[in-house]
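Summary of the model geometry
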Amino acid sequence: MSKTAELKIDGKTYTLPIIEGSENEQAFDVSKLRGDTSVITLDPGFKNTGSTKSAITFLDGEKGILRYRGYSIEELAEKSSFIEVAYLLIYGNLPNPEELQAFQNDIKYHTLVHEDIKKILEGFPSNAHPMGVLSSLVTSLTAFYPESLDPNRSSEAVNMSIIRIIAKMPTFAAWAYKNEVGHPVNYPDNKLDYCSNFLKMMFALPAADYDADPVIANALDKLLILHADHEQNCSTSTVRIVGSSQASLYASISAGINALWGPLHGGANSAVIEMLENIKKDGGDTKKWMAKAKDKEDPFRLMGFGHRVYKNFDPRAKIIKKAADEVLDKLGVKDPVLDIAKGLEYEALNDEYFVERKLYPNVDFYSGIIYRALGIPVDMFTVMFALGRLPGWIAQWKEMRENREPIGRPRQIYVGENVRPYTPVDKR
Ligand code: SDX
């Protein structure tokens, strides 16, 4: 006998089915509520509302658990590679050696972008934010691959669209950076692995050899794994809802990039470094800034702290914090803001306001410190987040399409004017 919930409205009782997931999460299904009662649910920010049933990522905010297709983030970060994790998220299982090799070869074969895309890039002024350039270049793929516009084409055609965007995203990201610094773009070098190729496109300069430091390439690969998916976060929900109208994969991913850009979401990693630099400039008085973060009259928030789901340590933050120490040590980098970050973390973890609200460091709190040590400029940090999140967006879009989910169209409660007659302007 499946479980149910009862809802009493105006003296009448309605029975709602309870859905239970494979990790015993429960939800009562309100999909028939309006038809039976003319009543809807209301939940600004969807803080307590599930939008779908998904088999991709599981996270437990109370216990600080994160798993991709059942594999723990700790194991994947330590033992896997970003390309292998991308395959796992998109196709559902870890690839065997032949599958992994074929996937890597497919990606290497498609890293080059149409030469006319350089004309789009050159149309941007050098002060264009790389996230705006990235979302525009991704959208341009709809013009160069018009067959990608129809998400209902064969699974082979959809898979070709998937391979192309995974292959070309590092090229777009590096080109957005080169446009900003006024350097000539570099073309992909398919002899290299995914991260080394990206670093070379980012940092190689004419008439100078460039070999990516394996320490940097490995650290970047681990960071991309940690950002690869995170269930129904703001940008992933955007990708799903845009894709639910049967808009193309590239249009949906471009929308996700723009949602990620916001400082409350993926833009937080850049905001954390800007915050830490301000605190350093202000003399490093972390107590003053903690007080600002708690002052309701002050719009300042402790960037990189708090999370909609994690009410315990974000497991990714723990891994990144450890990696930050290792990478800076290996590279011989001393970054004074790392000490400020650790000081803030210590104070927040012992402060009643933060403890009461279960505000812990999230994925963005330490990631910027590593990106900076890797030589990546601050306004490229969110581009790095997008590079990591791409396979998750693809997997979620693919699952939504394969499950033939309905177009996303939330309801509302109207609180405006009641009906009133039009009055001519000379009578107002
Ligand atoms: C990401 O969803 C995901 O999974 C996202 C992500 C992913 O992988 O996709 O994990 C990536 O976006 C991480 C979050 C990055 N953002 C930041 O670091 C920005 C700073 N954090 C906050 O703005 C906030 O914590 C959010 C946006 C992350 C979560 O906001 P919620 O869930 O809407 O919580 P809230 O704003 O209702 O806050 C609850 C209380 C409030 O105080 P009260 O009204 O109860 O008195 O906590 C306070 C808030 O004022 N609060 C903070 C705070 N975060 C929440 N106070 C000071 N500093 C903060 N950072």
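Residues numbered from 1 in each chain as written. Predicted model: local features only at pLDDT ≥ 70, side-chain atom pairs only at ≥ 80, totals over all residues. Heavy atoms only, no water.

**Section: the sheet that holds strand E1 (residues 4-9)**
The antiparallel open sheet is built from three strands, whose spatial order is E1-E2-E3. This sheet does not close on itself; its edge strands, each paired only once, are E1 and strand E3 (26-28). Neighbour-to-neighbour, the strand axes of this sheet turn through a mean angle of 30°, independent of strand direction. In the sheet, strand E2 (residues 12-20) pairs with E3 via three bridges, with the strands oriented antiparallel. Looking at E3, one finds that Ile19 is bridged to Ala27. (Pairing = 2+ DSSP bridges. Helix = DSSP H or I, 4+ residues; strand = E, 2+ residues; numbered from the N terminus. Axes fitted to C-alpha atoms, helices over the stretch in contact; angles between N-to-C directions.)

**Focus on the pairing of E1**
The pairing of E1 with E2 spans six bridges and is antiparallel. The partner of Ala5 across the bridge, within E2, is Leu16. From the end of E1 to the start of E2, which pair antiparallel, there are two residues, and Asp10 there has a positive phi angle of about 50°.

**With respect to the pattern of salt bridges**
Taken as a whole, this structure holds 26 salt bridges when the rule is applied. A salt bridge links Lys292 to Asp298; the nearest nitrogen and oxygen atoms lie 2.8 Å apart. A salt bridge links Lys342 to Asp325; the shortest N-O distance between them is 2.7 Å. Separated by 17 residues along the polypeptide, Lys342 in helix H15 (residues 336-349) and Asp325 in helix H14 (residues 315-331) bring together distant segments of the chain. (Salt bridge = Lys/Arg side-chain N within 4 Å of Asp/Glu carboxyl O.)

**Some details on the packing of helix H10 (residues 234-243) against helix H11 (residues 249-260)**
Remark: H10 packs on H11, axes separated minimally by 8 Å, with the N-to-C direction vectors making an angle of 150°. Accordingly, the angle class assigned to the pair H10 and H11 is roughly antiparallel. By crossing handedness, the relation of H10 to H11 is classed as right-handed. Together, Cys234, Ser235, Thr238, Val239, Val242 and Gly243 of H10 and Ala251, Ser252, Ile253, Ala255, Gly256, Ala259 and Leu260 of H11 make up the contact between the two elements. Split into classes, the residues belonging to the contact of H10 with H11 amount to eight nonpolar, five polar and no charged. (Parallel < 35°, antiparallel > 145°, perpendicular 65-115°, else oblique. Left-handed = near helix turned anticlockwise from the far one by under 90°. Contact = heavy atoms within 4.5 Å. Nonpolar A, V, L, I, M, F, W, Y, C, P; charged D, E, K, R; others polar.)

**Considering the side chain of Asn269**
Tracing the backbone through its elements, the reader meets Asn269 in helix H12 (residues 268-281). Of note is the side chain of Asn269, whose polar atom sits 3.2 Å from the side chain of Thr382. (Polar contact = N/O pair within 3.5 Å; in protein donor to acceptor, adjacent residues only side chain to side chain.)

**A word on the domain arrangement of the protein chain**
Per the domain assignment, the segments of the protein chain are domain 1 (4-50) and domain 2 (81-408). Averaged C-alpha coordinates put domain 1 and domain 2 at centres separated by 35 Å. (Domains from an automatic or database assignment.)

**Re the layout of surface pockets**
In this structure, the second largest pocket encloses a volume near 510 Å³. In this structure, the second largest pocket is lined by 30 residues; those nearest its centre are Asp193, Cys195, Ala217, Asn218 and Asp221. Counting residues per element, the lining of the second largest pocket draws most heavily on helix H9 (residues 214-226), which supplies seven residues. Across the lining of the second largest pocket, the residue classes tally to 15 nonpolar, seven polar and eight charged. (1 Å grid on protein atoms, 1.4 Å probe; cavity = no way out; pocket = protein on both sides within 12 Å on 5 of 7 lines; lining within 4 Å. Points joined across faces, edges and corners; volume = space filled by probe spheres on them.)

**Considering the nonpolar core**
Of all hydrophobic cores here, the largest spans 118 residues; its most connected members are Leu276 and Leu302. Top element by residues in this core is helix H7 (residues 155-181). It accounts for 13 residues. Setting aside residues no more than four positions away along its own chain, Leu276 makes contact with Val337, Ile340, Ala341, Leu344 and Ile369. (Core = buried A, V, L, I, M, F, W, Y, C linked by side-chain atoms within 4.5 Å. Buried < 20%, exposed > 50% of the residue type's maximum accessible area, 1.4 Å probe, protein only.)

**Brief notes about empty space enclosed by the protein**
Enumeration according to the criterion identifies one cavity of 30 Å³ or more in this entry. Its volume calculated, the largest cavity comes out at about 60 Å³. Every residue along the wall of the largest cavity is listed here: Glu147, Ser148, Asp150, Pro151, Arg153, Ala157, Val158, Ser161, Leu249 and Trp397. Ranked by residue count, the leading element in the lining of the largest cavity is H7, at three residues. In terms of residue class, the lining of the largest cavity is built from five nonpolar, two polar and three charged.

**Examining the site of the ligand**
Contacts to the ligand come from 24 residues, most closely from His230, Arg301, His307, Arg308 and Arg316. Gly304 places a main-chain nitrogen or oxygen 2.8 Å from an oxygen atom of the ligand. A distance of 2.8 Å separates an oxygen atom of the ligand from a polar atom in the side chain of Arg389. In isolation the ligand has 1,100 Å² of accessible area, and contact with the protein removes 80% of it. In the shell around the ligand, the residues fall into nine nonpolar, seven polar and eight charged. (Near = heavy atom within 4 Å. Areas by Shrake-Rupley, 256 points an atom, 1.4 Å probe, with all protein chains shown as cover.)

**Quick look at the sheet that holds strand E5 (residues 65-68)**
Spatially, the three strands line up as an open sheet ordered E4-E5-E6, and their pairing is antiparallel. Of all the strands in the sheet, just strand E4 (57-60) and strand E6 (71-72) have a single pairing partner and so form its edges. Of the pairings in the sheet, the one linking E4 to E5 comprises four bridges and is antiparallel in character. Across the sheet, residue Phe58 finds its bridge partner in E5, namely Arg67.

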